[in-house]
Structures are given as structure tokens and as C-alpha cells.
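The primary structure of each chain is shown beneath.
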Amino acid sequence: MLGRSSSLDTLVEDDLGEKPYRTIGGDVKLGLLILCDHAQNRIPEEYGSLGLKSEDLHRHIAFDLGAEGVAAALAKMLGAPAVLSRFSRLLIDPNRGLDDPTLIMQVADGLVVPGNVGLSAEDIEARLDRFYRPYHAAIDRAVEAGIAAGKPPVILSVHSFTQAWKGVPRPWSAAVLWDKDPRLPLPLLKALHTIPGAEIGDNVPYTGQLKGDTLYRHATLRGLAHALVEVRQDLILAEEGQAEWGAHLARVLADVLRAAPGLHRIEHHGSNTGAYCGKDHAHG
């Protein structure tokens, strides 16, 4: 398994303060960057609860339950840098493009979010400046550090999904979401199938083809190999499950990074969204 390095090419962990993200330090020469877009359900006091009940803030509409623990465990086991959000997706969703109508959800899973209704352009801009842009700037810095170190990073984003949708159970333990670049998704899917008893999905229960999302912005447009891993939430609600799945992902990802060719080359594979991705967009 890949290990932590004490070299000078190490990104240090941030002091949190009021930052809308946190970073986990790691060796950029590993050529790996871990992301977690929906890590927390944190909403600053001045926003109240956005008009929702407390229990609503502990649902999937507010954050990806368990994903933060899995991403942190994975990053620390491999000694890889990571960037994780520190604000609820209800405030603004960092995994959406600026022109996406679900960037700030007025209705989430059938539930009206009063604090998001009737926002002015100034209100939206304030949330972009406070939460969205700093998070993406932190990812940009981590990517640039890897490129400067001579090892363009493979990017893996960690999410979680609910165990059922409208009463229908979802059978997958985990899934890989991807767009058009097969370099990481295909060997990762194969490796995940070695986890005993785990049913692995391919572009389920969501699709990895979303123009403007985090991986589109930071990986597709730059020509970096990437994938998004979804883990079913009931498997990772407890710390033990988060550690277990962090270890599963660390093992299979280390194997993939050692064996799969071309992962650290900058290659523009385009996007099934139909958007143009070429050398002119290499740096987003």
C-alpha cells in the first residue's frame, strides 16, 4: 500500500478556522487527490436552519452521511492530500455548475427550503464568495501542487447514497460514477469487485455525466484521470464502517495506481455531456 512521505513535497493540513473547507495533508508526489464535496451539514448561525427542522439537517438532502469519514480514512491510509467541504449542500452545492438550476435548492427531495426561496442576486453571490469559490480554489491549489511536482494527480471524489429510494432498496454496496475518461473507472470497477460480498454498480444510482460538476471542472477540463465513488450510507453511518470502507478503497486504489497505465498523463477524453473539452481548457 502507498504510504505517507515526509518529503518537502507535502501539503500540510489546514487550521480550520472559518474556512468552508478543510484539507488533509499528504505527499503530492503520490499523484492522488481525494475530494469530498458533501462532507458536512454545517450551516453558519446567521442562516439559522434555512427554515427546516433539525432532523432535516441530518438527512441526505443536507450532506452525504458517512462520506467524510471514509474520505478522511482513505486519505490518511494512503498518505494522500484531500480537500473536504465544511458547509451543507443546502446552502450551495459545490458539486454543481454555476448555471445549474440545482446549485441552490429551493425544493430538496420534495421539501421546500424556506431560506433558499426568493434569494436576490446579491444573496447568491455572497454564498458563492463565502462557500463555493473558496472550496474550488482549494482544489485548484492541490491540483496545481501535484502538477508542479511532476505528478498530475488522479482525482477520486467520495460520496454516499441512501439505501433506498421511494421505498425501493438499492442493492449496491458501492458504485463508480464516471463520464468519458475510462482510465481510472474501469480498473477501479474491476478492483472493487474483489471486495468480499460487495455488489458494485457502474454509474448507478446516479450518473457521472454532469456538466459543471466538481470532477468536470477540475479533472475533465484539465485532462486528469478521475472517478467518483458512491458508498451506500447504511454501511458507513458508524465510525467502524467508515474505517472499513476507507480501508477497502485504500487497498483497491493502491493496486490500481500501481498497475493501471497512463493514469498520470494529461489526456483530454471529452465528455458525454456534449460539452467541448480540449487543450484550450486544460486548466479550467
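Please refer to the structure higher up on the page.
Residues numbered from 1 in each chain as written. Predicted model: local features only at pLDDT ≥ 70, side-chain atom pairs only at ≥ 80, totals over all residues. Heavy atoms only, no water.

What to know about the sheet that holds strand β2 (residues 21–24)
Inference 1: Read from one edge of the open sheet, seven strands run β2-β5-β4-β8-β13-β11-β12, paired in mixed fashion. Each edge of the open sheet carries a strand with a single partner, namely β2 and β12 (200–202). Pairwise comparison of adjacent strand axes, ignoring direction, gives a mean angle of 20° for this sheet.
Inference 2: Bridging between strand β8 (residues 154–161) and strand β13 (residues 226–232) involves seven bridges; their strand directions are parallel. The residue bridging S157 from the neighbouring strand is L228, located in β13. (Pairing = 2+ DSSP bridges. Helix = DSSP H or I, 4+ residues; strand = E, 2+ residues; numbered from the N terminus. Axes fitted to C-alpha atoms, helices over the stretch in contact; angles between N-to-C directions.)

Some points on the layout of surface pockets
Inference 1: Estimates place the volume of the largest pocket at around 810 Å³.
Inference 2: Along the wall of the largest pocket there are 35 residues; nearest its centre are H60, R89, D93, R96 and Y206.
Inference 3: Of all the secondary structure elements, the ones that give two or more residues to the lining of the largest pocket are β8, α4 (214–220) and β13.
Inference 4: Its residues placed into classes, the lining of the largest pocket shows twelve nonpolar, twelve polar and eleven charged. (1 Å grid on protein atoms, 1.4 Å probe; cavity = no way out; pocket = protein on both sides within 12 Å on 5 of 7 lines; lining within 4 Å. Points joined across faces, edges and corners; volume = space filled by probe spheres on them. Nonpolar A, V, L, I, M, F, W, Y, C, P; charged D, E, K, R; others polar.)

Description of the pattern of salt bridges
Inference 1: What the rule picks out here adds up to 16 salt bridges.
Inference 2: Put simply, R89 and D64 hold a salt bridge, and the shortest N to O gap is 2.8 Å. With R89 in the loop between β5 (82–85) and β6 (107–108) and D64 in the loop between β4 (32–36) and α1 (67–78), the pair connects residues that are 25 residues apart, well separated along the chain. Pair check on accessibility: R89 and D64 agree, each one buried.
Inference 3: Each of D181, R183, R265 and E267 takes part in a single network of salt bridges with overlapping partners. (Salt bridge = Lys/Arg side-chain N within 4 Å of Asp/Glu carboxyl O. Buried < 20%, exposed > 50% of the residue type's maximum accessible area, 1.4 Å probe, protein only.)

Observations regarding the side chain of R96
Inference 1: Mapped onto the elements, R96 comes out in the loop between β5 and β6.
Inference 2: Judged by relative accessible area, R96 falls into the buried class, the value being 19%.

Here's the deal with the environment of G262
Inference 1: In this fold, G262 is placed in the segment after α5 (239–259).
Inference 2: Along the chain, G262 and L177 lie 85 residues apart, while their C-alpha atoms are 20 Å from each other.
Inference 3: When sequence neighbours within four positions are dropped, the list of residues in contact with G262 reads R183 and E267. (Contact = heavy atoms within 4.5 Å.)

A look at the nonpolar core
Nonpolar side chains in soluble globular proteins tend to be buried together.
Inference 1: If you look at the biggest cluster of nonpolar residues, it comprises 45 residues, and the most contacted ones within it are I34, L74, L156, L184, L188 and L253.
Inference 2: Elements with a minimum of two residues in this core: β4, α1, β5, β8, β11 (174–177), α3 (185–192), β13 and α5.
Inference 3: Considering each element in turn, this core owes the most residues, eight residues, to α5.
Inference 4: Residues in contact with L184, not counting those within four places in the same chain, are V154, I155, L156, A225, H226, A227, L253, V256 and L263.
Inference 5: Core analysis: the second largest hydrophobic core is formed by 34 residues, L33, I43, I92 and L103 among them. (Core = buried A, V, L, I, M, F, W, Y, C linked by side-chain atoms within 4.5 Å.)

Here's the deal with the packing of α1 against α5
Inference 1: At a minimum axis distance of 8 Å, the contact between α1 and α5 shows a crossing angle of 45°. Viewed along their axes, α1 and α5 adopt a mutual orientation that is oblique. Along this stretch, α1 crosses α5, giving a crossing that reads as right-handed. Judged by residue contacts, G69, V70, A73, L74, M77 and L78 of α1 engage Q242, A243, W245, G246, A247, L249, A250, L253 and A254 from α5.
Inference 2: Residues that form the contact of α1 with α5 fall into these classes: twelve nonpolar, three polar and no charged. (Parallel < 35°, antiparallel > 145°, perpendicular 65-115°, else oblique. Left-handed = near helix turned anticlockwise from the far one by under 90°.)

Considerations on the pairing of β5
Inference 1: Alternating residues of β5 divide into A82 and L84 and V83 and S85, and every residue in both groups is buried.
Inference 2: Inspection of the sheet shows β4 paired to β5 by three bridges, in the parallel sense. Note on β5: the bridge partner recorded for I34 is A82.
Inference 3: Of the crossover connections in this fold, the one passing from β4 over α1 to the parallel β5 is right-handed. (Right-handed = clockwise from strand over helix to strand, strands pointing away.)

Observations regarding a nonpolar patch on the surface
Inference 1: A grouping of V107, V112 and V117 is seen on the molecular surface, where their side chains present a nonpolar patch of about 230 Å² in accessible area.
Inference 2: As for its position among the elements, V117 is in the loop between β7 (111–112) and α2 (121–148). (Patch = residues over 30% accessible without salt bridge, like charges linked within 9 Å, V, L, I, M, F, W, Y side chains within 5 Å. Areas by Shrake-Rupley, 256 points an atom, 1.4 Å probe, with all protein chains shown as cover.)

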